[in-house]
Amino acid sequence: MDAYSISITDQDVLKEEPVILVSPSNPTPQETIFLSNIDQAVAFSVETLFFFDVSSTKYTSSTMDISERVKRAVAEVLLVPYYFMAGRLNFNKDTRRMELLCNNAGALFVAATSRLALKDLGNLSLPNSTFHHFIHRPGLYKSLAEKALLTIQVTRFSCGSFSIGFMTNHGIVDGKSAGDMFENLASICRGEGLKAKVVHNDRTYLKARNPPIIKYPHKEYVNLSEISSPASFFTAPDQLSPSPLVFANKFKYIHKLFSFSPEMIKSLKGKAQITCTSFEAIVAHVWRARSMAVFDNLEEYSTVLFAVDIRSKISPNLPDGFVGNGVITAFATAKVGDLVKKPLSFSVGKMKEGRERVTDEYIRSVIDWLEVHRGIPATRNGNFYVSAWWKLPFNELDFGFGKASHGGPVLGGNDEFVLLLSDGKSMENGGGGINVWMGLEQEKMKRFMVHILEI
C-alpha cells in the first residue's frame, strides 16, 4: 500500500496563538535532574497524534469546550506531578552532559479548529506526514533554552470530532512513560483525577559505574565521532536534531505500508518452526527481505536493532512509575548469505538471542559504554531500527468521549527506521493485524516488495 493520498494544508486548520502552561507546584529552589546515558542517546522529539470520532454519537455538540477542558487539566493537575515537563533541557559545559532544568519555562498549548470533518481525512491508520498540522512544532531548530519539552494541540473538526497531538522529547519520556502520562491526562479529563499518584523521576538508578566496566563490544551503538551526517543526535551542545521519524529526503525514498493480517502472522510463526512472538516473526521476516534488497555482497553483515524494556531486567528493578528511558537497544546480526539461504527459523533464532543477551550485567555494560563513548543507536551501513508502536496501548485512551479511533506517530520516515503500527481495527472487527511502515530508495524498494511477499 502506498503512502498517504490526502494532503492537509494550512488552510484546513486554524490555530490560535500558543499559550504557555506552567506548573502550579514547581520545586523551590529550582531543581536540576540528572539524565541517564540512555536518555542522552535518544534526546529527539517524538510526535504522537490521537483522533476521537464523535460524529455518530451523542457527544457531537458537547465537544465544544474540549480545548479548554484539556488545557485546564494540564495546567491545574497534570503539571503537578509532571512539573518537569514544563522545564527545559540544558547542556552543562562542565560535565559535558545534558540535564533537565526544572525552570518552569512552560509547556505549550494550542487550540485549533478545522474546516474538515474527520471522515475527510480518510483511513487514519495510513501514515500521513501532512498530519503535522495537528501537532504544534515550536520551531525545530530552536536552542535548548527556547524549546518546550511538551506541546499539546487540540483540534476540533467541523463534525465535532477532535484530535489531540503531543510533541514530547524521547530523552525525557520513553514510549511507556509517555503513554502513562497521556493516560493520566485522559483520566483527569474524564473527571477521574490522576491515575498514578507517584511519578519516579530519579534517573540515578541508571548511573554509570565508576570506573566504567565494559564487558561487551556494543556494536548496537556507534560513537558520535564516527558519524559524518546527523540522525537522531545533537548537532551542537545547545541545539537538538529533529526526530529521525520526521525528517527524510522525500524525493530519495519511496514509502510504503505493508499489512500483515492475523492469518499472515500465524503463517509466519508456523514457518519459524520455533515458538516465537508476533514481533519476532515479523521482524525476522522483514530483516531477511530487507537484507536481500539492500545488500549486494552476501559476505556482509546485516543488523536489525530493536528496543528491549529493562524495567524488570535490571537489578534492582526500576520502580513503578519510572518516567525516564527504561529501554535499551538490542540487536540481531548475521551474514547476509546466511539470512538468504537459511530458513526463517535462523533469523528468528538470532532475534531471540538479541533479546536474551539483555541481562542486568549487559545493561550496566551498555550504560558504561555510553559513558565513555557518548554514542547513539548504530542505524547506518544498511542497518535499521524497528520500533513497535503497535504494542503501546494508544487506542485505549479516552478523554471522556469514547476510546481513540486511532493513535500513533506523525512521521515522514527514512530508510533507517521501520515502524510496526496497529492496523486500526479492533479484534472484534477482524483486527489484530500489524502494519509495517518503511522507506527505501526506489530500486531497493522494488526488490524488497518481491521478497516481503514470500510468506
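Residues numbered from 1 in each chain as written. Predicted model: local features only at pLDDT ≥ 70, side-chain atom pairs only at ≥ 80, totals over all residues. Heavy atoms only, no water.

1. A short note on the pairing of strand E12 (residues 301-309)
(1) Moving on: Pairing of E12 with strand E13 (residues 327-335), which is carried by nine bridges, proceeds in the antiparallel orientation. The residue of E13 that forms the bridge with Val-308 is Ile-328.
(2) Moving on: As judged from the three bridges shared by E12 and strand E15 (residues 384-388), these two strands associate in the parallel manner. Across the sheet, the residue bridging to Val-304 is Phe-384, located in E15. (Pairing = 2+ DSSP bridges. Helix = DSSP H or I, 4+ residues; strand = E, 2+ residues; numbered from the N terminus.)

2. Notes on the sheet that holds strand E6 (residues 97-102)
Strands pair in a sheet through their backbones, by hydrogen bonds, and they do so in one of two ways: parallel or antiparallel.
(1) Moving on: Pairing is antiparallel across the open sheet formed by three strands, whose spatial order is E3-E6-E5. The open sheet is flanked by strand E3 (31-34) and strand E5 (88-92), the only strands paired with a single partner. Averaged over all pairs of adjacent strands, the angle between strand axes in this sheet comes to 40°, irrespective of strand direction.
(2) Moving on: Here E3 runs beside E6; their pairing, made up of four bridges, is antiparallel. For Thr-32, the partnering residue across the bridge sits in E6 and is Leu-101. (Axes fitted to C-alpha atoms, helices over the stretch in contact; angles between N-to-C directions.)

3. Overview of the pattern of salt bridges
(1) Moving on: Scanning the model with the defined rule gives 23 salt bridges in all.
(2) Moving on: In this structure, the salt-bridge partner of Arg-311 is Asp-174, at a minimum N-O distance of 3.0 Å. Here Arg-311, found in the loop between E12 and E13, pairs with Asp-174, found in the loop between strand E9 (162-169) and helix H3 (175-189); they are 137 residues apart in sequence, far enough to count as distant.
(3) Moving on: Take Arg-311: its relative accessible area is 11%, and that puts it in the buried class.
(4) Moving on: Exposure remark for Asp-174: the relative accessible area of 3% places this residue in the buried category.
(5) Moving on: Measuring nitrogen to oxygen at the nearest pair gives 3.5 Å for the salt bridge that ties Arg-190 to Glu-183.
(6) Moving on: Overall, the relative accessible area of 18% leaves Glu-183 in the buried class.
(7) Moving on: It is possible to trace a salt-bridge network through shared partners that takes in Arg-209, Lys-215, Glu-361 and Asp-368. (Salt bridge = Lys/Arg side-chain N within 4 Å of Asp/Glu carboxyl O. Buried < 20%, exposed > 50% of the residue type's maximum accessible area, 1.4 Å probe, protein only.)

4. What to know about the side chain of Ser-302
(1) Moving on: You can see Ser-302 is positioned in strand E12.
(2) Moving on: With relative accessibility at 1%, the residue Ser-302 sits in the buried group.
(3) Moving on: Only 3.0 Å separates the side chain of Ser-302 from the side chain of Trp-287, close enough to count as a polar contact.
(4) Moving on: Every residue in contact with Ser-302, bar those within four places of it in the chain, is listed here: Trp-287, Ser-291, Phe-295, Ala-332, Thr-333, Ala-334, Val-336, Leu-339 and Asn-383. (Polar contact = N/O pair within 3.5 Å; in protein donor to acceptor, adjacent residues only side chain to side chain. Contact = heavy atoms within 4.5 Å.)

5. Some points on the sheet that holds strand E17 (residues 417-422)
(1) Moving on: Taken together, six strands build an open sheet; the order of strands is E11-E18-E17-E15-E12-E13 and the sheet is mixed. Single-partner strands in this sheet number two, and they are strand E11 (253-260) and E13. Sheet twist, expressed as the average angle between the axes of neighbouring strands with direction ignored, equals 25°.
(2) Moving on: Packing of helix H7 (residues 344-356) onto the sheet brings it into contact with E12 and E13, and relative to E13 it is tilted by some 145°.

6. A few points about the environment of Asp-360
(1) Moving on: Looking at the element boundaries, Asp-360 is found in helix H8 (residues 360-373).
(2) Moving on: In this structure, the C-alpha to C-alpha distance between Asp-360 and Lys-313, residues 47 residues apart in sequence, is 5.9 Å.
(3) Moving on: If near-sequence neighbours (up to four positions away) are discounted, Asp-360 is found in contact with Lys-313, Ile-314 and Ser-315.
(4) Moving on: There is a polar contact of 2.9 Å between the side chain of Asp-360 and the backbone nitrogen of Ser-315.

7. Some points on unusual backbone geometry
(1) Moving on: Looking along the chain, the bond that leaves Asn-210 and enters Pro-211 is cis, with omega of 0°.
(2) Moving on: Topologically, Pro-211 is positioned in the loop between H3 and strand E10 (221-223).
(3) Moving on: The phi torsion at Gln-273 lies on the positive side, around 65°, for a residue other than glycine.
(4) Moving on: Within the secondary structure, Gln-273 is located in the loop between helix H4 (262-272) and helix H5 (278-294).
(5) Moving on: You can call Gln-273 exposed: its relative accessible area is 64%.
(6) Moving on: Unusually for a residue other than glycine, Asn-381 sits at a positive phi of about 55°.
(7) Moving on: In this fold, Asn-381 is placed in the loop between strand E14 (375-377) and E15.
(8) Moving on: Taking the relative accessible area as the measure of exposure, Asn-381 reaches 61% and is therefore exposed.

8. Re the side chain of Arg-88
(1) Moving on: Structurally, Arg-88 is set in strand E5.
(2) Moving on: As a buried residue without a salt bridge, Arg-88 has its nearest oppositely charged side chain in Glu-146, at a separation of 9.1 Å.
(3) Moving on: A polar atom in the side chain of Arg-88 sits 2.8 Å from the backbone oxygen of Gly-106.
(4) Moving on: In terms of polar contacts, Arg-88 uses its side chain to reach the backbone carbonyl oxygen of Lys-147, at 3.4 Å.
(5) Moving on: Once you skip the residues sitting within four places of it in the chain, Arg-88 turns out to touch Glu-99, Leu-100, Leu-101, Asn-103, Ala-105, Gly-106, Leu-144, Ala-145, Glu-146, Lys-147, Ala-148 and Leu-149. (Lys, Arg positive; Asp, Glu negative; His and termini not counted.)

Keep in mind these values describe shape, not function.
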